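Results of the structural survey
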Amino acid sequence: MNTIKKLTKAREASSLLFLVVLFAIVGCINSDFLAPSSIMACFNDSVVFTLLAVGMAFAIFIGEIDVSIGSNLGFSAAVVGSMLRDGHSPVLAFATGILIGVLVGLFNGWGVAVLKIPSLIFTLGTNGILRGMIFLYTGGAWVENLPPAFTAYSSKPLVSNLTVYYAVVIAAVIGIHILLTRTKKGKYFIAVGDNEGGATLVGIPAVQTKVLAYVFCGIFASIAGIIYASRIGFITVLAGNGYEMKAVAACVIGGISLTGGLGSVIGAAIGAVIMSSVSRILVFMGFSSDYDNTITGLMLITIVVLDALLQRHSAERIRRERLTNRAANAAQKGGEQA
Amino acid sequence: MKKSIKSFFNWDMFLLCVLILEFVIFGMKNQKFLMPRVLLASVNDFIAICIISLFVTFVMITGGIDIQAASIVGLTSIIIGVAWQDGGMNVWAAALLAVVAAALCGALSGFFIAYCNVQAMVITLGGSFLYAGFALLVSNLSATEAYKGISGFPDSFKVISKFKLFGVIPSQLILFAVLTLIAYLLLHKSKYGRSVFLVGINQKAAEYSGINTRLVIMSTYILSAVSAAIAGIMLTSYLGTSKSDLGSNLTLNIITTVVLGGTLSTGGKGSVIGTALASLVIGILRFGLPLCFKVNTQYLDVPVGLLLIVVVVGRAIASSPKTAVFFKRFQKN
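Since the model is a prediction, treat every value here as computed from it, not as a measurement.

A few points about the overall build of chain A
Per the secondary structure count, chain A includes 14 helices and two strands. Taking 2.2 N^0.38 as the reference for a compact globule, 338 residues should give roughly 20 Å; the C-alpha atoms of chain A span a radius of gyration of 22 Å, in line with that estimate. Dimensions of chain A, computed from the C-alpha atoms along their principal axes, are close to 90 × 50 × 35 Å. Considering chain A as a whole, with its 338 residues, one finds that 51% of them fall into the buried category. For chain A, restricting intrachain contacts to residue pairs at least 6 apart in sequence, the fraction spanning at least 24 positions comes to 75%. As displayed, chain A has an accessible area near 15,200 Å², and 66% of this comes from carbon and sulfur atoms.

Description of the overall build of chain B
Secondary structure assignment for chain B yields 16 helices and four strands. Relative to its length of 333 residues, chain B is compact, with a C-alpha radius of gyration of 21 Å against a globular reference of 20 Å. Taking the principal axes of its C-alpha atoms as reference, chain B extends roughly 75 × 55 × 35 Å. Pairs at least 24 residues apart make up 78% of the contacts formed inside chain B by residues separated by at least 6 positions. The averaged location of the 10 negative side-chain charges in chain B is 17 Å from the averaged location of its 24 positive side-chain charges.

Some details on the domain arrangement of chain A
Residue and element names in this part refer to chain A. When its domains are assigned, chain A resolves into domain 1 (2-287) and domain 2 (292-338). Between domain 1 and domain 2, the C-alpha centre-to-centre distance is 32 Å. With 13 residues of domain 1 in contact, the opposing surface of domain 2 contributes nine residues. Of the roughly 970 Å² buried between domain 1 and domain 2, counting both surfaces, carbon and sulfur atoms make up 73%. In terms of surface lost to domain 2, no three residues of domain 1 exceed Val252, Ile253 and Val278, which account for 36% of the buried area on that side. Applying the counting criterion to the domain 1 and domain 2 interface returns zero salt bridges.

Here's the deal with the packing of aromatic side chains
All told, the structure shown has 19 aromatic pairs over all chains when counted by the stated rule. By way of ring pairs, the aromatic residues A:Phe58, A:Phe61, A:Phe189, A:Phe216 and A:Phe220 are connected into one cluster.

Overview of the packing of helix α4 (residues 43-61) of chain B against helix α14 (residues 272-293) of chain B
Residues and elements named next belong to chain B. Running from amino to carboxyl end, α4 crosses α14 at an angle of 155°, the nearest separation of the two axes being 9 Å. Judged on the interaxial angle alone, α14 and α4 are roughly antiparallel. Crossing angle aside, the handedness with which α4 passes α14 is right-handed. Seen from α4, the contacting residues are Asp45, Phe46, Ile49, Cys50, Ser53, Leu54, Thr57 and Phe58; seen from α14, they are Val272, Thr275, Ala276, Ser279, Leu280, Gly283, Ile284, Arg286 and Phe287.

Re the pattern of salt bridges
All names here are of chain A. Per the stated rule, a full pass over the model turns up six salt bridges over all chains. When the shortest N-O distance is used, the salt bridge between Arg280 and Asp45 registers 3.9 Å. You can see Arg280 sitting in helix α13 (residues 265-284) and its partner Asp45 sitting in helix α2 (residues 36-45), a full 235 residues away along the chain. By relative accessible area, Asp45 is classed as partly exposed at 35%. One salt bridge in this structure joins Glu64 and Lys210, with 3.0 Å as the shortest N-O distance. A residue pair is termed long-range when its members are at least 10 positions apart, and Glu64 in the loop between α3 (47-61) and α4 (69-85) and Lys210 in helix α11 (residues 206-232) qualify at 146 residues. Under the relative-accessibility criterion, Glu64 is labelled buried at 16%. Beyond isolated ion pairs, a larger network of salt bridges with shared partners links Asp45, Arg231 and Arg280.

Describing the interface of chain A and chain B
Taken residue by residue, the interface counts 39 residues in chain A and 38 residues in chain B. Between chain A and chain B, roughly 3,400 Å² of surface is buried when both sides are summed, and carbon and sulfur atoms account for 82% of that area. Applying the counting criterion to the chain A and chain B interface returns zero salt bridges. The interface formed by chain A and chain B includes three residue pairs in polar contact (both at pLDDT 80 or more). The set of elements that each furnish at least two residues to the side of chain A that touches chain B consists of α5 (90-114), α6 (119-138), α12 (243-253) and α14 (292-337) of chain A. With 13 residues, α6(A) is the largest single contributor of residues to the side of chain A that touches chain B.

Overview of the environment of B:Val99
All names here are of chain B. Of note, Val99 is situated in helix α6 (residues 91-115). For Val99 and Glu145, which are 46 residues apart along the polypeptide, the C-alpha to C-alpha distance reads 24 Å. Each residue touching Val99, except ones within four places of it in the same chain, is listed here: Val226, Ala229 and Ile233.

Some remarks on a nonpolar patch on the surface
On the surface, A:Leu17, A:Val21, A:Ile25 and A:Ile29 cluster together to form a nonpolar patch covering roughly 380 Å² of accessible area. By secondary structure assignment, the location of A:Ile29 is in helix α1 (residues 2-29).

Observations concerning helix α5 (residues 69-85) of chain B
The end-to-end C-alpha distance of α5(B), which contains 17 residues, comes to 25 Å, matching closely the 24 Å that a straight helix rising 1.5 Å per residue would cover. Most of α5(B) is tucked away: 16 of the 17 residues are buried.

Describing the side chain of A:Asn108
Residue position: A:Asn108 is located in helix α5. On the basis of relative accessible area, A:Asn108 is assigned to the buried category, the value being 0%.

Here's the deal with the nonpolar core
In this structure, A:Leu52, B:Ile52 and B:Ile80 are the most contacted members of the largest nonpolar core, which totals 202 residues. Looking at this core element by element, the count peaks at 15 residues for α4(B). Each of domain 1 (2-287) and domain 2 (292-338) of chain A gives at least three residues to this core. Core analysis: the next-biggest nonpolar cluster, separate from the first, contains five residues, A:Tyr188, A:Val192, A:Ile204 and A:Ala206 among them.

About the cut-offs
Residues numbered from 1 in each chain as written. Chains lettered and ligands numbered in written order. Predicted model: local features only at pLDDT ≥ 70, side-chain atom pairs only at ≥ 80, totals over all residues. Heavy atoms only, no water. Helix = DSSP H or I, 4+ residues; strand = E, 2+ residues; numbered from the N terminus. Rg over C-alpha atoms; globule rule 2.2 N^0.38 Å. Buried < 20%, exposed > 50% of the residue type's maximum accessible area, 1.4 Å probe, protein only. Contact = heavy atoms within 4.5 Å. Areas by Shrake-Rupley, 256 points an atom, 1.4 Å probe, with all protein chains shown as cover. Lys, Arg positive; Asp, Glu negative; His and termini not counted. Charge placed at Lys NZ, Arg CZ, Asp CG, Glu CD. Domains from an automatic or database assignment. Buried area = accessible area lost by both parts, 1.4 Å probe. Salt bridge = Lys/Arg side-chain N within 4 Å of Asp/Glu carboxyl O. Phe/Tyr/Trp six-rings, centres within 6.5 Å; stacked < 30°, edge-to-face > 60°. Axes fitted to C-alpha atoms, helices over the stretch in contact; angles between N-to-C directions. Parallel < 35°, antiparallel > 145°, perpendicular 65-115°, else oblique. Left-handed = near helix turned anticlockwise from the far one by under 90°. Polar contact = N/O pair within 3.5 Å; in protein donor to acceptor, adjacent residues only side chain to side chain. Patch = residues over 30% accessible without salt bridge, like charges linked within 9 Å, V, L, I, M, F, W, Y side chains within 5 Å. Expected span 1.5 Å × (residues − 1). Core = buried A, V, L, I, M, F, W, Y, C linked by side-chain atoms within 4.5 Å.

The following block contains the structure:
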């Protein structure tokens with residue numbers, strides 16, 4: 001148990017180290033990047049990805065995936081944005097947005113946990129439906145003219161350069177991390193992802209846990225959609241297209257194992273900062289942002305391949321140690337008998 | 001007698017019925033739909049889905065998944081354009097270069113999946129970023145702005161998509177038929193095909209029975225990448241322009257087609273005929289809905305996504321033990 005804890009800690013620490021080294025290297029090439037306002041901008045700009053990655057982390061913890069969050073973000077943003085534009089009360093608009101997330105999460109959870117359909121395929125279908133629903137809802141037009149108070153809130157600072165949004169999100173991430181690691185129910189997610197059969201046998205409601213994970217994933221995507229609307233100020237029909245892939249990448253970079261049961265939401269948040277800083281870093285290094293996709297893909301593949309190789313190496317080492325110990329024990333026993 | 005009925009009414013037959021139903025409904029709604037010229041020309045719009053799904057079936061039978069094929073279509077297209085216009089190559093040599101590049105991309109992803117034991121989904125996800133990124137970088141090598149696309153290909157290249165056998169059957173349909181035949185022979189009638197199935201059913205057993213399972217897995221990704229390249233060449237020739245983002249919205253359609261064709265996403269089961277029929281079902285759906293029901297083409301993800309969900313949910317319910325018990329009780333009564 002202790003070793004698992006240590007390993008998890010090491011995984012987050014290594015992604016944090018990666019973030020620091022990455023920023024340091026960019027800072028060496030262009031010292032402007034290390035100005036406090038620039039560094040803080042990296043964090044503040046990652047708020048949408050942080051929310052998506054934390055939601056995605058729930059799905060990945062249980063050993064599944066949710067690729068519908070990009071469209072979920074777009075649809076929630078479009079609905080909330082248009083409600084605010086039409087003068088509905090903000091509370092009603094936000095509640096509707098979050099309700100969308102809950103419903104999408106329940107639907108995905110039903111398909112994946114109850115019907116046991118491979119999650120990628122099921123959520124890919126949901127993604128298509130939701131993307132089409134954005135077209136149906138908006139009629140292909142942009143949602144514009146959001147209330148200025150709503151859009152201005154995105155740049156409102158809490159202290160100096162830290163925006164309110166990012167501060168709240170970080171507080172929430174830390175809170176969730178504590179809930180997931182310190183409470184009994186919170187540990188269910190990791191337990192189900194690590195060994196579903198085992199978790200069921202010790203009395204953990206595996207199906208409910210999985211559905212709940214998808215509901216959380218949906219809610220986070222909706223909140224990300226609301227913040228997206230507030231930050232960008234307009235919503236196109238393609239809002240959030242492909243974000244699901246970046247959220248998965250952020251989780252993987254943050255040290256969450258895609259086989260499930262390993263990692264933490266803090267790792268996901270760190271990964272999200274790295275992911276969303278890529279295009280900013282490219283600009284500071286003097287490259288065109290056309291390299292964005294290439295770097296993202298390269299980083300994703302490198303990290304998962306390295307992770308797989310390291311895991312295989314450590315599994316091999318543990319097996320060898322076990323066999324050596326067994327052989328030594330057998331020899332000892334043999335010696336005693338003789 | 002009962003057995004023959006059962007084997008007659010299998011999944012492929014069901015797909016064929018759906019296809020016929022589509023023809024009937026669309027034909028009744030809009031007479032234009034059934035005009036051979038219109039119907040046969042529609043193949044141009046969905047040929048990429050047909051070709052790629054045939055070989056993504058191989059990948060899914062081994063238990064993997066391929067979501068990078070769509071980005072390879074764009075990469076192929078832009079390589080042809082840049083190599084021909086800015087590299088001064090013969091257009092056929094450029095197409096060959098594109099196929100080789102696609103095969104290398106497939107081999108790279110396949111290598112990581114087969115030899116490093118990384119999940120297929122993550123690698124092909126990374127691959128879809130990487131190859132789309134490559135396509136953008138390649139397009140920057142060109143003197144033409146990326147958004148314009150490279151056009152003005154020689155007629156000899158354009159003719160491969162404009163050619164019509166007996167003046168009616170478009171070359172795309174011939175290509176599709178030929179590739180279906182090749183895929184069918186490869187998967188269902190060859191030793192290689194048997195090993196693809198065995199790898200999907202039980203990789204360890206396949207390994208112990210002397211099959212080089214890793215090579216088989218890697219080869220399926222190369223096949224799907226090459227098929228994406230062929231689709232890319234066909235699309236470039238048909239549109240007369242090479243663009244780096246060609247085919248970027250195909251992923252959902254390809255996966256839906258393969259799943260609809262009866263391939264198990266967990267591997268070990270699937271058929272080329274099923275995929276071929278399913279690709280026609282989806283293609284006709286994507287063609288018929290806008291023509292006959294005035295559905296905006298931008299909404300087409302809704303029916304395709306719904307179809308995917310309905311098929312997987314239906315199959316999950318049908319195969320669950322509860323349903324079997326229910327039907328048994330039903331039969332007794």
